[in-house]
There are 2 protein chains.
Amino acid sequence: MIKRFVIIVAGGSGERMKSPLPKQFIEIKGKPVLMHTIETFYGFDNSISIVVVLPADQIGYWKDVCIKGDFSIPHDLVAGGETRFGSVKNGLDVIPDNVLVAIHDGVRPFVNSETIGRCFCEAEKYGNAIPCISVNDTVRRVDNYNSFIIDRLNLRLIQTPQVFLSGLIKESFNQPYLPDFTDDASVFEKSGGNVHLVEGNRENIKITDPFDLFLAEFLINRTIV
Amino acid sequence: MIKRFVIIVAGGSGERMKSPLPKQFIEIKGKPVLMHTIETFYGFDNSISIVVVLPADQIGYWKDVCIKGDFSIPHDLVAGGETRFGSVKNGLDVIPDNVLVAIHDGVRPFVNSETIGRCFCEAEKYGNAIPCISVNDTVRRVDNYNSFIIDRLNLRLIQTPQVFLSGLIKESFNQPYLPDFTDDASVFEKSGGNVHLVEGNRENIKITDPFDLFLAEFLINRTIV
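Residues numbered from 1 in each chain as written. Chains lettered and ligands numbered in written order. Predicted model: local features only at pLDDT ≥ 70, side-chain atom pairs only at ≥ 80, totals over all residues. Heavy atoms only, no water.

1. A closer look at the overall build of chain A
Helix and strand counts for chain A come out as seven helices and 12 strands. Its C-alpha atoms give chain A principal-axis dimensions of roughly 50 × 40 × 30 Å. Here chain A holds 225 residues, and the buried ones make up 56% of them. A separation threshold of at least 6 residues defines the contact pool for chain A, and within that pool the share at least 24 residues apart is 72%. For chain A, the computed accessible surface area is about 10,000 Å², with 50% contributed by carbon and sulfur atoms. Measuring between centres, the 23 positive side-chain charges of chain A sit 3 Å from its 28 negative side-chain charges. (Helix = DSSP H or I, 4+ residues; strand = E, 2+ residues; numbered from the N terminus. Buried < 20%, exposed > 50% of the residue type's maximum accessible area, 1.4 Å probe, protein only. Contact = heavy atoms within 4.5 Å. Areas by Shrake-Rupley, 256 points an atom, 1.4 Å probe, with all protein chains shown as cover. Lys, Arg positive; Asp, Glu negative; His and termini not counted. Charge placed at Lys NZ, Arg CZ, Asp CG, Glu CD.)

2. Here's the deal with the relation of the copies chain A and chain B
Least-squares fitting of chain A to chain B yields an RMSD of 0.0 Å, with the transformation described by 0.0 Å of translation along the axis and a rotation of 180°. Overall, the copies show the geometry of a two-fold rotation axis. When C-alpha distances to the rotation axis are compared across chain A, the minimum falls at A:Phe218, with a value of 3.5 Å. When the interface residues of chain A are mapped onto chain B, 100% of them again lie at the interface, so the same face is used by both copies. (Least-squares fit on C-alpha atoms with pLDDT ≥ 70 in both.)

3. A few points about the nonpolar core
Core analysis: the largest hydrophobic core is formed by 30 residues, its most contacted members being A:Ile28, A:Phe110, A:Ile207, B:Ile28, B:Phe110 and B:Ile207. Of all elements in the fold, only helix H7 (210-223) of chain A together with helix H7 (210-223) of chain B reach the threshold of two or more residues within this core. In this structure, B:Val6, B:Trp62, B:Ile73 and B:Cys119 belong to the second largest nonpolar core, which totals 29 residues. (Core = buried A, V, L, I, M, F, W, Y, C linked by side-chain atoms within 4.5 Å.)

4. A short note on the interface of chain A and chain B
Residue-level contacts link 39 residues of chain A with 39 residues of chain B. In total, about 3,700 Å² of surface goes out of reach between chain A and chain B, with carbon and sulfur atoms giving 55% of it. Seen at the junction of chain A and chain B, the total is eight salt bridges. Residues A:Arg140 and B:Glu189 are paired through a salt bridge, measuring 2.4 Å at the closest nitrogen-oxygen approach. Along the contact surface separating chain A from chain B lie 14 residue pairs in polar contact (both at pLDDT 80 or more). For the side of chain A that touches chain B, the secondary structure elements donating two or more residues are strand S8 (138-143), strand S9 (146-150), strand S10 (155-158), helix H6 (184-190) and H7 of chain A. Looking at the side of chain A that touches chain B, the element that brings in the most residues is H7(A), giving eight residues. Classifying every residue of the side of chain A that touches chain B gives 16 nonpolar, eight polar and 15 charged. (Buried area = accessible area lost by both parts, 1.4 Å probe. Salt bridge = Lys/Arg side-chain N within 4 Å of Asp/Glu carboxyl O. Polar contact = N/O pair within 3.5 Å; in protein donor to acceptor, adjacent residues only side chain to side chain. Nonpolar A, V, L, I, M, F, W, Y, C, P; charged D, E, K, R; others polar.)

5. Remarks on the pattern of salt bridges
Any two side chains of opposite charge can pair, given that their charged atoms come close. Across all of its chains, the model carries 18 salt bridges over all chains by this definition. Where A:Arg108 meets B:Asp137, a salt bridge forms, and the shortest distance between an N and an O atom there is 3.6 Å. In this pair, A:Arg108 is assigned in the loop between strand S6 (100-105) and helix H4 (113-126) and B:Asp137 in the loop between strand S7 (128-134) and strand S8 (138-143), connecting two distinct chains. Judged by relative accessible area, which is 3%, A:Arg108 ranks as buried. B:Arg202 is the salt-bridge partner of A:Asp209, the closest N and O atoms lying 2.7 Å from each other. One end of the pair, A:Asp209, is in the loop between strand S12 (197-199) and H7; the other, B:Arg202, is in the loop between strand S12 (197-199) and H7, on a second chain. Through salt bridges with shared partners, a single ionic network connects A:Arg84, A:Asp105, A:Arg108, A:Asp184 and B:Asp137.

6. Brief notes about the environment of B:Asp209
On the accessibility criterion, B:Asp209 (15% relative accessible area) is buried. In this structure, the C-alpha to C-alpha distance between B:Asp209 and B:Lys23, residues 186 residues apart in sequence, is 8.8 Å.

7. So, the pairing of strand S1 (residues 4-9) of chain A
Residue and element names in this part refer to chain A. Burial of S1 is extensive: six of the six residues sit out of reach of the surface. Covered by surrounding structure in S1 are Arg4, Val6 and Ile8 together with Phe5, Ile7 and Val9, the residues of both alternating faces. Pairing geometry for S1 and S6, over six bridges, is parallel. The partner of isoleucine 7 across the bridge, within S6, is isoleucine 103. Bridge count for S1 against strand S4 (residues 49-54) is five bridges, and the pairing is parallel. Of the residues in S4, the one forming a bridge with isoleucine 7 is valine 51. (Pairing = 2+ DSSP bridges.)

8. Quick look at the packing of helix H1 (residues 33-44) of chain A against helix H2 (residues 59-68) of chain A
Residues and elements named next belong to chain A. With their axes 11 Å apart at the nearest point, H1 and H2 run at an angle of 70° to one another. Regarding the angle of H1 to H2, the classification is roughly perpendicular. Facing Leu34, Met35 and Ile38 of H1, the residues of H2 in contact are Trp62, Val65 and Cys66. Looking at side-chain class alone, the contact of H1 with H2 contains six nonpolar, no polar and no charged residues. (Axes fitted to C-alpha atoms, helices over the stretch in contact; angles between N-to-C directions. Parallel < 35°, antiparallel > 145°, perpendicular 65-115°, else oblique.)

9. A word on the packing of aromatic side chains
The relative placement of two aromatic rings is captured by the distance of their centres and the angle of their planes. Summed over the entire model, instances satisfying the criterion amount to 23 aromatic pairs over all chains. With a centroid separation of 4.9 Å and 45° between ring planes, the pair formed by A:Phe214 and B:Phe218 is classed as tilted. Separated into two different chains, A:Phe214 in helix H7 and B:Phe218 in helix H7 make up a pair that spans both. Owing to a relative accessible area of 16%, A:Phe214 belongs among the buried residues under this scheme. Following the ring pairs from residue to residue traces out a cluster consisting of A:Phe211, A:Phe214, A:Phe218, B:Phe211, B:Phe214 and B:Phe218. Sitting over the face of the ring of A:Phe5, A:Lys3 holds its NZ or CZ atom 5.3 Å from the ring centroid. (Phe/Tyr/Trp six-rings, centres within 6.5 Å; stacked < 30°, edge-to-face > 60°. Lys NZ or Arg CZ within 6 Å of the ring centre and 35° of its normal.)

Purely geometric numbers; function is a separate question.
The structure is reproduced here in structure tokens:
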């Protein structure tokens, strides 16, 4: 088996959450979201190498929180960049070539082991694996004053962890940043990669606004003991 | 103010829910989903006229459930058709012209009063109002073996109640059924109507699969007392 790494990117502010605390540090069940996310990957495979990317000015705070919370899961810390792209790139700089690397949002603690496992296995075969779920609602595209229906059967909501052979994704991150890089698959694709979609899990929500946090408080009691 | 009606369409099976009981009858907090939905509209405006569309062979069961549950919110019952389109059409047959009619999924009990009010007010001005929410995730469109990123900023997930001036929507439902009528706005649009989108609410989920039911059990304790 190829050696496995995960880069957990936690560069968010509390803006959309309407909180002074960056969203990765908001507590659910008495513990910061980011700790839950780290525990999820460690629970999946305790030999995985974990790299956490945080804004430089949050690293001291995080270290304190880990000491106070007696949090002992080993992880390396890397200072983030100005954009998510920059942060991931900084994380990739410490990843060796010829390994598998998962890139995961720090505020998605509810990815399950099946999804993580599926992403690593398929990425080993196909060079990458991007988890997604189908859409249950009718979807419309807004265009100035009009809107048009889009066939939902062909749509997928993209999640993380997005897993890649490290050499391929490191190469992709050598290209210049573009504003339409909303995830790592889009960076990979722009450099010529062929995105390989795999099934994600419904409860793998990105905790972004107060409604997500409200759901998270519920999910935590059911999925993480 | 124009007189207000709501058609609550409950034609679902328990298929995706993996339940022998049709999803509108599954209980949350000791009461069928459909009762919660009716209560939501009655709570919004107790002078609203409520029409519930059910498959013909479920009407007897529903009447029994209402008697046993001492459920006294007045509502008319109409037998559904073979498709959702047919069911809505049957419901519209009992709606007068020159009123406002909301068409709502029976399994969306968590629409809030703000959304319902907004839809009725805007439909009075624009002839229709379709609630929607924005998309937080990266979205891709799958096309055979490839997939392409779609700009999520222009996408909207469509909800109900979809509110119309009754004369307009009744006219739209005179056209022949097409399989791509996934909601009432698409029927309205096909007959030349210009869809008017308004803001919905995040917790207005359609209870479709076990994960939705799991969320519903949580939401019910927070939003409906």
